[in-house]
Amino acid sequence: MEQTTGILSDLIAFPTVSADSNLEMIAYLANRLEDCGARVDVMFDASGQKANLFATLGPETDGGIVLSGHSDVVPVTDQDWTSDPFAMVERDGRLYGRGTCDMKGFIAATLAMAPEFAAQISRRPIHFAFTYDEEVGCIGAGHLVQALRERELKPRLALIGEPTSMRVVEGHKGCHEYSTRFQGLEGHGSDPGRGVNAVEYAARYVNRLLDLRGDLQQRTPPDSRFDPPWTTLNIGALNGGSAHNVIASKAQVDWEMRPVQPSDADHVKDTMARYCRDTLLPAMQAIYPEASIETEVVGEVAGLTPTSQNEARELMADLLGSNAAELVPFGTEAGLFQALGLDVVVCGPGSIAQAHKADEYLSLDQLSDCLRMLERLGDQLAN
Ligand SMILES: [Zn+2]
């Protein structure tokens with residue numbers, strides 16, 4: 001425990017807000033893992049300012065489990081902290097600091113256990129995956145999973161240590177965010193036929209999206225345990241135009257969907273692309289050939305689909321002595337690993353209620369529960 005809190009204090013001191021570099025923290029993690037004999041791979045992003053780390057202890061074979069966590073934290077701007085968010089302090093059985101629960105506590109626990117894992121494991125490997133830019137759309141994990149796809153050896157299971165109060169989570173919806181921009185042609189309001197009104201086309205686009213809500217409800221998987229059980233769709237913002245008497249040349253729709261299954265997201269995207277190509281764009285371009293509709297993907301975080309067979313869930317039930325598995329309303333990197341063919345659960349110390357807030361903390365009780373679970377995992381991997 002003392003070792004874990006020592007490591008955690010070191011990790012909190014790296015101010016790895018998503019906008020900034022995480023390289024110092026990754027170097028620290030790499031050093032520690034190399035010291036226990038892990039094979040460590042640091043993968044940089046295009047800017048060279050951020051990196052993922054993937055490390056393996058044990059045999060070079062297929063299988064084994066990935067312990068995964070993100071290195072970045074949300075900003076502390078405009079938050080009223082009692083003490084320095086990047087200097088961990090202990091008060092009343094709680095460790096305070098930015099990232100203690102989301103999710104450096106889990107990372108510290110896995111690092112503290114690494115020497116023991118190294119001494120124990122023989123047949124199956126154990127992997128560490130520490131990523132960048134989770135808080136801004138799981139970007140690092142996307143790159144990491146892509147790199148794993150290109151490898152010959154595949155892990156079998158993944159445990160994502162996001163704060164779930166150490167309860168096992170087997171599913172969450174995806175979160176897809178888009179901005180759709182309409183470029184029309186300005187003109188005088190007295191003669192609408194001579195311009196292309198971007199606001200009117202945006203309104204038609206929104207209407208088509210809203211029509212799809214009915215489709216999505218009909219597509220609800222019969223055994224869905226999500227709340228609500230179907231894929232939801234929300235129009236978050238609609239902006240455009242300049243004045244009452246001017247044909248609007250520009251408009252933008254910001255919208256999102258929360259898919260319960262990947263095929264729903266494809267259905268929405270395909271339908272909207274077809275509607276633009278076959279209906280809206282020909283009408284716009286008949287008047288103004290340069291008219292356009294462009295959709296920017298702000299983020300597409302895959303959901304974690306609950307499945308009847310899930311070895312990771314069974315393993316965690318063994319380690320924690322409970323068969324319960326829940327669904328949660330927040331997104332994680334889990335869906336990306338699931339898409340790679342791994343069995344995945346989310347389970348980590350601390351509560352999501354404390355994440356992202358001022359005076360974020362992790363209770364020592366939660367951290368010790370996590371260490372106990374990892375100890376049992378080490379024992380399992382020894383056989
Ligand atoms: Zn997180």
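Predicted model only: the values in this text are computed from it and were never measured.

J.: Quick question: what am I supposed to make of the overall build of the protein chain here?
T.: Tallying secondary structure elements over the protein chain gives nine helices and 17 strands in all. Along the first, second and third principal axes, the C-alpha atoms of the protein chain reach 80 × 45 × 35 Å. Residues classed as buried in the protein chain amount to 50% of the 383 residues present. In the form shown here, the protein chain has an accessible surface area of approximately 17000 Å², with 47% of it arising from carbon and sulfur atoms. Each charge class in the protein chain was averaged separately, 31 positive and 55 negative side chains, and the resulting centres sit 5 Å apart.

J.: How do you make sense of the environment of Ile 65 when you look at a structure like this?
T.: Within the secondary structure layout, Ile 65 lies in strand E3 (residues 65-70). Along the chain, Ile 65 and Leu 381 lie 316 residues apart, while their C-alpha atoms are 9.3 Å from each other. Each residue touching Ile 65, except ones within four places of it in the same chain, is listed here: Pro 125, Ile 126, His 127, Leu 157, Ala 158, Leu 159, Leu 315, Leu 377 and Leu 381.

J.: Would you explain the sheet that holds strand E11 (residues 232-240) in this entry?
T.: Think of a sheet as strands paired side by side through backbone hydrogen bonds, with each pair either parallel or antiparallel. Strand order in this open sheet of four strands is E11-E13-E9-E14, and the pairing throughout is antiparallel. Of all strands in the sheet, those with a lone pairing partner are E11 and strand E14 (292-301), marking the two edges. Neighbour-to-neighbour, the strand axes of the sheet open up by a mean angle of 15°, direction not taken into account. Relative to strand E13 (residues 250-258), strand E9 (residues 175-183) runs antiparallel, the two sharing eight bridges. Within the sheet, the bridge partner assigned to His 176 lies in E13 and is Met 257. Its contacts with the sheet place helix H5 (residues 198-218) against E9, E11, E13 and E14, and it is angled at close to 175° to E11. With respect to the sheet, helix H6 (residues 262-287) is in contact with E9, E11, E13 and E14, its orientation differing from that of E14 by roughly 165°.

J.: Is there a simple way to explain the coordination of the zinc ion in this structure?
T.: Geometry sets the ideal angles at a metal, namely 109.5 degrees for four tetrahedral donors and 90 or 180 degrees for six octahedral donors. Those donors, His 70 (NE2), Asp 102 (OD), Glu 162 (OE) and Glu 162 (OE), are the protein atoms that reach the zinc ion, and they lie 1.9 to 2.6 Å from it. Of note is the zinc ion, whose four donor atoms meet at the metal with angles of 53 to 138° in an arrangement that counts as irregular. Linear spacing of the donor residues for the zinc ion on their chain is H-x31-D-x59-E. One end of the pair, His 70, is in strand E3; the other, Asp 102, is in helix H3 (residues 100-120), with 32 residues separating them in the sequence. The pair formed by His 70 and Asp 102 is uniform in burial state, with each residue classed as buried.

J.: Explain the UniProt feature "domain: Peptidase M20 dimerisation" (unreviewed entry) in the protein chain to me, please; I cannot follow it from the model alone.
T.: Following the UniProt record, the feature "domain: Peptidase M20 dimerisation" (unreviewed entry) maps to residues 171-281 here. Secondary structure content for residues 171-281 is 37% helix and 30% strand, and the end C-alpha separation is 38 Å.

About the criteria used
- Residues numbered from 1 in each chain as written.
- Predicted model: local features only at pLDDT ≥ 70, side-chain atom pairs only at ≥ 80, totals over all residues.
- Heavy atoms only, no water.
- Helix = DSSP H or I, 4+ residues; strand = E, 2+ residues; numbered from the N terminus.
- Buried < 20%, exposed > 50% of the residue type's maximum accessible area, 1.4 Å probe, protein only.
- Areas by Shrake-Rupley, 256 points an atom, 1.4 Å probe, with all protein chains shown as cover.
- Lys, Arg positive; Asp, Glu negative; His and termini not counted.
- Charge placed at Lys NZ, Arg CZ, Asp CG, Glu CD.
- Contact = heavy atoms within 4.5 Å.
- Pairing = 2+ DSSP bridges.
- Axes fitted to C-alpha atoms, helices over the stretch in contact; angles between N-to-C directions.
- Donors = N, O, S within 2.8 Å, 3.2 Å for Na, K, Ca; no water.
- Tetrahedral: all angles 85-135°; square planar, octahedral: opposite > 155°, others 65-115°.
- UniProt positions renumbered as here; feature names shortened; annotations may be inferred.

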